[in-house]
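Architecture at a glance
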Amino acid sequence: MTTIAIFDMEWTAWEGSMARQWQGPGEAKEIVQIGAVRLADTPELEELAALNVVIRPHLNPVLSQYFKDLTGITQRQVDETNETFTDALDRLRNLFDGANRIWSFGGDETTLALNCEMNGIDMPFADTLFDDARVVVARHIGADISTLESGSLPDVMGFPRLGNAHDALGDSRCIAEAFRIMRRDGAF
């Protein structure tokens, strides 16, 4: 069976860090959460497997209030996790295994590669596996790509919310639902 994978990540952030491109003192895009789904490449895009993992960042183990408010991830969750980036990457590799295409919303694979580099690990996935879901969704609904976020897809495409915005697994499932709608419309 042919499968596709969708993933989303949340990484450390501070008020204004996006505008500064994470160039402020002590800022680094350390992954805190990875959410992913593997789907059967069928008309229904049935979910076959899911991954939701919280990782404790090592450069900035204390989360900013901005990040906690944005994602809903608590300091306690991060403090209590035993999951390392390496462990999470292995689990992600298992979920991606066999997928002929991997989608994210805005190029999360770049941050994944950056975290591999920060952890002294080779990026285990070829660049050619990745596609930007934001491009195809924005084209389908006629939206401005620069303002479209995966967490807003339920509102703009008219389906029930599948988790909180800025929750990596919830956002992955929102992208999957957008693809299902597009597939029903004959566009994906």
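Here the structure is a predicted model, which means the values were calculated and not measured.

What counts as what
- Residues numbered from 1 in each chain as written.
- Predicted model: local features only at pLDDT ≥ 70, side-chain atom pairs only at ≥ 80, totals over all residues.
- Heavy atoms only, no water.
- Helix = DSSP H or I, 4+ residues; strand = E, 2+ residues; numbered from the N terminus.
- Expected span 1.5 Å × (residues − 1).
- Buried < 20%, exposed > 50% of the residue type's maximum accessible area, 1.4 Å probe, protein only.
- Arc of directions from axis to C-beta.
- Contact = heavy atoms within 4.5 Å.
- Axes fitted to C-alpha atoms, helices over the stretch in contact; angles between N-to-C directions.
- Parallel < 35°, antiparallel > 145°, perpendicular 65-115°, else oblique.
- Left-handed = near helix turned anticlockwise from the far one by under 90°.
- Nonpolar A, V, L, I, M, F, W, Y, C, P; charged D, E, K, R; others polar.
- Pairing = 2+ DSSP bridges.

A look at helix α3 (residues 85–96)
- In a regular helix each residue adds 1.5 Å, so 12 residues correspond to 16 Å; α3 covers 16 Å between its end C-alpha atoms and thus fits that length.
- Listed as buried for α3 are Phe-85, Ala-88, Leu-89, Leu-92, Leu-95 and Phe-96. Looking down the long axis of α3, one finds its buried residues gathered within 120° of arc, a one-sided arrangement.
- Packing partners of the buried residues in α3 comprise β1 (3–11), β2 (31–40), β3 (47–54), β4 (99–104), α4 (108–118) and β5 (130–132).
- Gly-98 occupies a position one or two residues after α3 and carries a positive phi of about 90°.

Focus: unusual backbone geometry
- One non-glycine residue with positive phi stands out, namely Trp-22, at about 55°.
- With respect to the helices and strands, the residue Trp-22 is situated in the loop between β1 and β2.
- Given the relative accessible area of 13%, Trp-22 is considered buried.
- With phi around 50°, Leu-45 is a residue other than glycine that occupies positive phi space.
- With relative accessibility at 0%, the residue Leu-45 sits in the buried group.

Some remarks on the packing of α3 against α4
- Two elements in contact, α3 and α4, have axes whose closest approach is 11 Å; the angle formed by their N-to-C orientations is 135°. As far as their axial angle goes, α4 and α3 are oblique. Like other packed secondary-structure pairs, α3 and α4 cross with a definite hand, here left-handed. Of the residues in α4, those in contact with Phe-85, Leu-89 and Leu-92 of α3 are Leu-112, Asn-115 and Cys-116.
- Looking at side-chain class alone, the contact of α3 with α4 contains 5 nonpolar, 1 polar and no charged residues.

Structural notes on the sheet that holds β1
- Spatially, the 5 strands line up as an open sheet ordered β3-β2-β1-β4-β5, and their pairing is mixed. The open sheet has two edge strands with one neighbour each: β3 and β5. Across the sheet, the mean angle from the axis of one strand to that of its neighbour is 20°, orientation sign disregarded.
- Of the strand pairs in this sheet, β1 and β4 are connected by 4 bridges, and their pairing is parallel. Among the inter-strand pairings, Thr-3 is bridged to a residue of β4, identified as Ala-99.
- Here helix α5 (residues 133–141) sits on the sheet and contacts β4 and β5; the angle it forms with β5, its principal contact strand, is near 35°.

Some thoughts on helix α7 (residues 168–184)
- Between the first and last C-alpha of α7 there are 25 Å, a value that for 17 residues agrees with the 24 Å anticipated at 1.5 Å per step.
- Within α7, 14 of the 17 residues are buried, which leaves the element mostly enclosed by the surrounding structure.
- Gly-186 occupies a position one or two residues after α7 and carries a positive phi of about 80°.

Re the environment of Val-78
- The topology assignment puts Val-78 in helix α2 (residues 75–80).
- A C-alpha to C-alpha distance of 8.1 Å links Val-78 and Pro-57, two positions 21 residues apart in sequence.

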